[in-house]
Amino acid sequence: MPEFYYEDFNPGDDLKFSRGREVTKEEIIRFAEQYDPQPFHLDEAAGRASILGGLSASGWHTCSMMMRANYDHWISRTAALGAPGIEQVKWMKPVLPGDMLRFVRRVVDKRVSRTKPDMGFVTFEMDGFNQRGEQFFFQKHMQMVAVRRPQGAPQPAARDRSKAEEKPQKPQDSGFGSGGYFEDIPLNAYSESGSSTFTKDSIVAFAREFDPQPFHLDEAAARASHFGGLAASGWQTASLWMRNGILRRQEWLKEQRARGVETVEGGPSPGFTDMRWIKPVLAGDTVTFGSMVVEKRLTSRKGWGLAFSHNTGFNQHGDLVFSYRGSHFVPVRG
């Protein structure tokens, strides 16, 4: 039986994780090879030459390690029902080989669902610190947690009938436009990066390492959950968005070089906002990923601009299952 329910989380409560986690060079490279094959995550020399200053963990790897730390310290003993998304993540400093990661979890807010009184929403903030006391990570997200003693009856969901309910449509691919220099990036041009099929084995393998909740590991437990079937961790979905985007970018750069066009590698991301896991990604689903740069601006870091993108994943039925607003550094030509 779970030890913690919705009632046991109160705003202002802090939990300092007792065990730190040392990050190795080998696991940084292994994760990057599978999900984020950018040079500064794969090669020490490329890492030193980048703005990160050394071989560093993918931000998605950092999020996945944070997820595992959460599971080991409290989710495994909680009547947790998953998370609908992530409000904000900041990657504040690179995570380097040999770093010891420690986390602090803080309860910010909570409320019981109107339509499902047996379920509550708890908002958490997470801070991550390395062995030098430097904060490298921040996350704010909402967790769904079962209520120990539900009160009241379900209420009908409020609907704004003045607006027609429309199914989000996947945009028309307008060609890959997120490579090259800052000045060359077009705005509002959707680029389809590729597709991934989520197999049972891949879902379970990722979950065992980073997110071993029952509905990601066991088919019977998953069918009994609100997911209705074996579901991929949201962090696996996000990591595969990254993999498809990087591979498509590398392909685009290769095409440009073959044409004699000057090309340049991109930079890392400082974080993202408004990540939503809209529908469960189940074993057998194929998700097609894409991205559209919606804003860009110069930064105080000499030679670099920031591009902000709307990023999506649609399953084989055309349903939007995943979205978030991302950002990444882009070299400036001038």
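Let me sum up the structure you'll find in this document.

### Structural notes on the overall build of the protein
Next up, step 1: Across its full length, the protein holds 8 helices and 11 strands.
Next up, step 2: By the compact-globule yardstick of 20 Å for 334 residues, the protein fits well, its C-alpha radius of gyration being 20 Å.
Next up, step 3: For the protein, the spread of C-alpha atoms along the principal axes amounts to about 65 × 50 × 40 Å.
Next up, step 4: Across the protein, the fraction of contacts at a sequence separation of at least 24, relative to all contacts at a separation of at least 6, is 72%.

### With respect to the environment of Pro268
Next up, step 1: Note that Pro268 resides in the loop between α8 (234-258) and β8 (271-277).
Next up, step 2: Judged by its relative accessible area of 11%, Pro268 is buried.
Next up, step 3: Sequence separation of Pro268 and Gln38 is 230 residues, and the distance between their C-alpha atoms is 8.9 Å.
Next up, step 4: With residues up to four places along the chain from it excluded, the contact list for Pro268 reads Phe40, Ile51, Leu52, His328 and Phe329.

### What to know about unusual backbone geometry
Next up, step 1: At Asn188, a residue that is not glycine, the phi angle is positive and equals roughly 60°.
Next up, step 2: In this fold, Asn188 is placed in the loop between β6 (135-146) and β7 (191-197).
Next up, step 3: With a relative accessible area of 52%, Asn188 lands in the exposed category.
Next up, step 4: One non-glycine residue with positive phi stands out, namely Asp274, at about 55°.
Next up, step 5: With relative accessibility at 48%, the residue Asp274 sits in the partly exposed group.

### Topic: the packing of aromatic side chains
Next up, step 1: Applying the stated criterion across every chain yields a total of 23 aromatic pairs.
Next up, step 2: When the centroid spacing of 5.5 Å and the interplanar angle of 70° are considered together, the rings of Phe272 and Tyr324 count as edge-to-face. Here Phe272, found in strand β8, pairs with Tyr324, found in strand β11 (residues 320-331); they are 52 residues apart in sequence, far enough to count as distant.
Next up, step 3: Assessed through its relative accessible area of 3%, Phe272 is described here as buried.
Next up, step 4: Centre to centre, the rings of Trp304 and Phe329 are 6.4 Å apart; their planes meet at 85°, and the pair counts as edge-to-face. Of this pair, Trp304 sits in strand β10 (residues 304-314) while Phe329 sits in strand β11, and the two are 25 residues apart along the sequence. Of the two residues, Trp304 and Phe329, both sit in the buried class.
Next up, step 5: Between Arg105 and the ring centre of Trp74, over which it is positioned, the NZ or CZ distance is 4.7 Å.
Next up, step 6: The ring of Phe329 is capped by Arg301, whose NZ or CZ atom sits 5.6 Å from the centre of that ring.

### Quick notes on the pairing of β11
Next up, step 1: For β11, a buried count of 10 out of 12 residues is recorded, marking the element as mostly surrounded by other parts of the structure.
Next up, step 2: Both β8 and β11 contribute to a ladder of 4 bridges, which runs antiparallel. Bridging across to β11, Phe272 finds its partner in Gly326.
Next up, step 3: Note that β10 and β11 share 11 bridges and pair antiparallel. Its bridge partner being in β11, Trp304 is matched across the sheet by Pro331.
Next up, step 4: In this structure, the hairpin formed by β10 and β11 is closed by a connection of 5 residues, where Gly318 is found at a positive phi of approximately 85°.

### A look at helix α1 (residues 25-35)
Next up, step 1: Those residues of α1 that fall on the buried side of the exposure criterion are Glu27, Ile28, Ile29, Phe31, Ala32 and Tyr35.
Next up, step 2: Looking at the packing, one finds that the buried side of α1 touches β2 (21-22), α2 (39-42), α4 (59-73), α5 (200-210) and α8.

### Comments concerning the environment of Pro154
Next up, step 1: Take Pro154: it is sitting in the loop between β6 and β7.
Next up, step 2: On the basis of relative accessible area, Pro154 is assigned to the exposed category, the value being 55%.
Next up, step 3: Linking Pro154 and Arg21, residues 133 residues apart in sequence, is a C-alpha distance of 42 Å.
Next up, step 4: Not counting the four nearest positions on each side in its chain, Pro154 is found in contact with Arg114, Thr115 and Pro117.

### Re the pairing of β8
Next up, step 1: Where strand β3 (residues 85-91) and β8 come together, 5 bridges link them in antiparallel fashion. In the strand pairing of β8, Ile86 is matched with Met275.

Definitions and limits used
- Residues numbered from 1 in each chain as written.
- Predicted model: local features only at pLDDT ≥ 70, side-chain atom pairs only at ≥ 80, totals over all residues.
- Heavy atoms only, no water.
- Helix = DSSP H or I, 4+ residues; strand = E, 2+ residues; numbered from the N terminus.
- Rg over C-alpha atoms; globule rule 2.2 N^0.38 Å.
- Contact = heavy atoms within 4.5 Å.
- Buried < 20%, exposed > 50% of the residue type's maximum accessible area, 1.4 Å probe, protein only.
- Phe/Tyr/Trp six-rings, centres within 6.5 Å; stacked < 30°, edge-to-face > 60°.
- Lys NZ or Arg CZ within 6 Å of the ring centre and 35° of its normal.
- Pairing = 2+ DSSP bridges.

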